[in-house]
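Analysis of the macromolecular model
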Amino acid sequence: MSFGFDGVTVELGDKTAIEDVDLEVEPGAVTAVIGADGAGKTTTSRTLVGLLLPSQGTVRRPRTDAIGYQPEAAGTWRDLTVTENLAFVARAHRLAVGSDRHWELLELTGLGPAADRLAGDLSGGMRQKLAVAMAMLPRPEMTVLDEPTTGLDPMSRAEVWRLLARAAGEGTAVLATTTYLNEAERASHVVVLDNGRVLAAGTAQSIRASFRGLLGVSGTRPHGAAAWRRGNLWRVWAPDGPLPSGAQMVAPDLEDVVTAAALARRGGIMSGHLAETRLVSKRFVDNLAVDGVSVSVSAGEIVGLVGANGAGKTTFIRMLLGLLRPDQGQVMLFGEAPTRATRRRIGYLPQSLGLYEDLTVRQNLDFTARVFGVEPPLLDGDLALVGDRLVADLPLGLRRRAGFLAALSHGPDLLVLDEPTSGVGPLGRADLWETIHGAADAGAGVLVTTHHMDEAEQCDRLVLLSAGRAVAMGTVEEILVGKVTVEVTPVDTAAALTALESAGFPVLPTGAHLRLPGVSMASVRTILGDDVGLVESRSSLEEAFMTLARDS
C-alpha cells in the first residue's frame, strides 16, 4: 500500500501551515517535496510521521516502528559517537547492535573512518549523512527525510541521493524535502508546495512538459509581471500574451516551473495583480486628496508613484493598505479586499519608517520578526556595528536601512515603500534601490513613492500624480513621447526671465539657458522677439511632469 495524505490541513496556532494537501508516497520510489522556506515542507514531513496531527483530512502511514525519520535539525546526538548513534537506533528498533547493516551504512556514507568520533565533532555535512544513515538503519517501510542535503557540497548531496535510491530499490517508500530543485529531477514523483498548498504534482518530466510559453530575453527587465532573472537572461512566462521584443524560446527546468507557479499563485501571472485600485477617491473636508486613481502592481514589477509633496501619494498608499477607507472606488489586495491576512503578505515602509526610536535596531527587528512569526534577519555591514544602539541615535541613512530590513524580514509578496529615500544622500539612495531591485528580482511586487524624478528610471512603470489625479501612466519612454521643451539663450537672462514669467510661462533656468517645457517656439518669440536663440529638444521627465501637471 502507498502512504500519504488525503486532503490534509494542519493549523499551527492562527496560521494554516498546509492546506488541503494530497500526497502519495509509494513503496520502491522516492517522492520529493519541494518549495521555498515557509512553503510547508517541514510541516508535511512532521505530519506524515505523526509528530503533528492534522486539523482536517487523513494521514496514511505505517506503524511507528516501521518509520525512519530524519528531522530538519539533523536528529543526531552530538555527545555520542557515530557508532553509538547508530547503536541507539538499533536498540530502539530491537535490532542487533553492530550488524552488517551498521557497517554497510558507514561505508556507503563514507563515515567509516569517523566511526569513533563524537557527532558534535563532525562537520555539518557529515552529521547530515549520519542522520540519513540512522533513518535508514532499520530498513523501514517508510523513510522521511527533511532537507537531508541542506548544507552539503554537490558531491555529498549526490551521495545522499544514491542512498535514497538504494533504499527505494529495497522497497522502502521514501519522502525527501529539499530546496535544491535540481535534486528533485532525480525523484520518481515531485510535489511542489507554495504557501502551504500544492502547486503541481507528478514526475519532473510531466511537470516540465505541461509548462508552455517560457521565453528568454536579454538586457533590462521586460515589462510585465511574469519575469525573473536567470543568469544573463530574463525568464518571461507568456503562454497567451504577446512576445517581448528579442525574445527566444527557452526549455524550462523545474526551477522555472516552480518560480512561475509561485508567481501565478501569488497573483503575478494568472490572477493579474498583487494590488489594484479602481477609481479610488478620498476627500478630507474641502481637500480632494485622491481623485479617481486606478493603479495595479504585479509580481516582479516596480511601480513608481511620482509626484510633488501634497500630490496625494501617502493618502493613496494608506487606502491601498486598508488603513483608510476610500470614499469611492475599489481596492484589491491579492484578489480580495484588504484584510489582516492580506496585510501579512505586505512589507510596508512608511515615511516615519515604522521603527520604535526607544528600542535598539536589534530589538526593533526582533519585534517585527515575532509579529510575523519568522526568525529575525541577520545584521551585516554597518547595521551589524550599530545593532545595539537606539534607533533615535542613528543617522537617517542607517535608520532607513533598518526600516528596509524590517519590511523585508518576513519575505513579503508585495513591498509598499513611501518615499523610502527621502533625505538620503546619492550613495545611500543607490544602496536602497539595489535592495528594492533585489526584492523585485526575487518575485515581489513593489510600489514605491518618490518626489525624486531622477529615481523614476529605476521603475518599470510610473504613475504621475498631481493634485490627487493621475496625469500620466506608463514607462518613462511612453510618458516622454511627444513632450518637447524650448531652450532659450537670451542676451539678457534676467530680463528674459522676468518677461516669460510675467506671461505665465513655466521657466527652468539652466546655466546660461532658460528651458520652457510644453510651450511652442512661436509663443516664446511673441514675448522675446526674433532676436533670441531658440532650440527645441526632448523634455526631461521633470519637464514632462510640469507640462502634464499644468495641462491637467
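Residues numbered from 1 in each chain as written. Predicted model: local features only at pLDDT ≥ 70, side-chain atom pairs only at ≥ 80, totals over all residues. Heavy atoms only, no water.

So, about the overall build of the protein. Assigned secondary structure in the protein consists of 18 helices and 26 strands. Each principal axis of the C-alpha atoms in the protein carries an extent, and together these give about 105 × 55 × 45 Å. For the protein, buried positions account for 49% of its 552 residues. For the protein, the share of sequence-separated contacts (at least 6 apart) that also reach a separation of at least 24 residues comes to 69%. As displayed, the protein offers around 25,200 Å² of accessible surface, 51% of which is attributable to carbon and sulfur atoms. The centroid of the 51 positive side-chain charges in the protein is displaced by 4 Å from the centroid of its 66 negative side-chain charges. (Helix = DSSP H or I, 4+ residues; strand = E, 2+ residues; numbered from the N terminus. Buried < 20%, exposed > 50% of the residue type's maximum accessible area, 1.4 Å probe, protein only. Contact = heavy atoms within 4.5 Å. Areas by Shrake-Rupley, 256 points an atom, 1.4 Å probe, with all protein chains shown as cover. Lys, Arg positive; Asp, Glu negative; His and termini not counted. Charge placed at Lys NZ, Arg CZ, Asp CG, Glu CD.)

Moving on to the nonpolar core. Membership of the largest hydrophobic core comes to 48 residues, with the highest contact counts inside it found for Ile34, Leu130, Leu164, Val190 and Leu254. What Leu130 contacts, discounting residues up to four positions off in sequence, is Thr76, Val82, Asn85, Leu86, Leu111, Ala119 and Leu122. The next biggest cluster of nonpolar side chains, apart from the first, holds 42 residues, and it includes Leu355, Phe404, Ala472 and Ile479. (Core = buried A, V, L, I, M, F, W, Y, C linked by side-chain atoms within 4.5 Å.)

Moving on to the packing of helix α4 (residues 124-136) against helix α5 (residues 154-169). Between α4 and α5, the least distance of the axes is 11 Å, while the angle of their chain directions is 5°. If you check the angle between α4 and α5, you find them roughly parallel. Side by side, α4 and α5 meet where Lys129, Val132 and Met136 of the first sit next to Ser156, Glu159, Val160, Leu163 and Ala167 of the second. Considering only residue class, the contact of α4 with α5 consists of five nonpolar, one polar and two charged. (Axes fitted to C-alpha atoms, helices over the stretch in contact; angles between N-to-C directions. Parallel < 35°, antiparallel > 145°, perpendicular 65-115°, else oblique. Nonpolar A, V, L, I, M, F, W, Y, C, P; charged D, E, K, R; others polar.)

Here the focus is the pairing of strand β16 (residues 302-306). Regular strands show a simple pattern: their side chains alternate between the two faces of the sheet. Among the five residues in β16, five count as buried, and that is most of the element. With five bridges connecting them, β16 and strand β20 (residues 445-450) associate as parallel partners. Considered in β20, the bridge of Leu305 is made with Thr449. (Pairing = 2+ DSSP bridges.)

Turning to the packing of aromatic side chains, a few remarks are in order. Applying the stated criterion across every chain, the model contains two aromatic pairs. Considering the side-chain rings of Trp77 and Phe88, the 4.5 Å spacing of their centres and the 50° angle between planes classify their relative orientation as tilted. In this pair, Trp77 sits in the loop between β5 (67-70) and α2 (82-92) while Phe88 sits in helix α2, placing the two residues 11 residues apart along the sequence. With a centroid separation of 5.5 Å and an interplanar angle of 80°, the aromatic rings of Tyr356 and Phe367 are classed as edge-to-face. You can see Tyr356 sitting in the loop between β18 (346-349) and α11 (361-372) and its partner Phe367 sitting in helix α11, a full 11 residues away along the chain. According to the relative accessible area criterion, Phe367 is partly exposed, its value standing at 41%. A cation over a ring is seen here: Arg157 above Tyr180, with NZ or CZ 4.1 Å from the ring centre. Looking at Arg345, its charged tip hangs above the ring of Phe334, at a distance of 3.9 Å from the centre. (Phe/Tyr/Trp six-rings, centres within 6.5 Å; stacked < 30°, edge-to-face > 60°. Lys NZ or Arg CZ within 6 Å of the ring centre and 35° of its normal.)

To continue, consider α2. Val82, Asn85, Leu86, Ala87, Val89 and Ala90 are the residues of α2 that are buried. Elements that come into contact with the buried residues of α2 comprise α3 (100-109) and α4. A positive phi of about 60° marks Arg94, the residue just after α2.

Tracing the backbone through its elements, the reader meets Trp433 in helix α14 (residues 426-441). Note: C-alpha distance between Trp433 and Arg186 (247 residues apart in sequence) is 39 Å. Excluding residues that lie within four positions of it along the chain, Trp433 makes contacts with Ile302, Thr421, Val448, Glu455, Gln458 and Cys459.

The next point concerns the sheet that holds β20. Spatially, six strands are ordered β18-β19-β20-β16-β21-β22 in an open sheet, and the strand pairing comes out mixed. The open sheet is flanked by β18 and β22 (469-474), the only strands paired with a single partner. Taking the axes of each pair of neighbouring strands and ignoring which way they run, one obtains an average angle of 15° across the sheet. Helix α9 (residues 313-320) rests against β16, β18, β19 (414-418), β20 and β21 (461-466) of the sheet, and its axis sits at about 155° to β20. The sheet strands contacting helix α18 (residues 541-551) are β16, β21 and β22, and the helix crosses β21 at an angle near 45°.

Bringing the pairing of β19 into the picture now. With five of its five residues buried, β19 lies for the most part within the structure. Going residue by residue along β19, you find Leu414, Val416 and Asp418 tucked away on one face and Leu415 and Leu417 tucked away on the opposite face as well. In the sheet, β19 pairs with β20 via five bridges, with the strands oriented parallel. Across the sheet, residue Val416 finds its bridge partner in β20, namely Leu447.

Here we take up the environment of Phe505. Among the structural elements, Phe505 can be located in the loop between α16 (493-502) and β24 (508-510). Residue Phe505 is classed as buried on the basis of its relative accessible area, which comes to 18%. Distance from Phe505 to Leu447, taken between C-alpha atoms, is 33 Å for residues 58 residues apart in sequence. Excluding its chain neighbours within four sequence positions, the residues that come into contact with Phe505 are Leu500, Leu516, Ser523, Val524 and Ile527.

Within a beta sheet, neighbouring strands are joined by backbone hydrogen bonds and run either parallel or antiparallel to one another. What the four strands build is an open sheet, ordered β24-β25-β23-β26; its pairing is antiparallel. Only two strands of the sheet have a single neighbouring strand rather than two, namely β24 and β26 (533-538). Strand-to-strand twist of the sheet, defined as the mean angle between neighbouring strand axes without regard to direction, takes the value 30°. Both strand β23 (residues 484-489) and β26 contribute to a ladder of six bridges, which runs antiparallel. Of the residues in β26, the one forming a bridge with Glu487 is Val535.

Time to look at α14. The terminal C-alpha atoms of α14, which comprises 16 residues, lie 22 Å apart, in line with the 22 Å expected from a rise of 1.5 Å per residue. Gly443 sits one or two residues past α14 and shows a positive phi near 115°. (Expected span 1.5 Å × (residues − 1).)

Moving on to the side chain of Thr360. With respect to the element layout, Thr360 can be found in the loop between β18 and α11. In this structure, Thr360 is in contact with Gly387, Asp388, Arg389, Leu390 and Val391, ignoring residues within four places of it in sequence.

As far as function goes, none of this settles anything; it's purely spatial.
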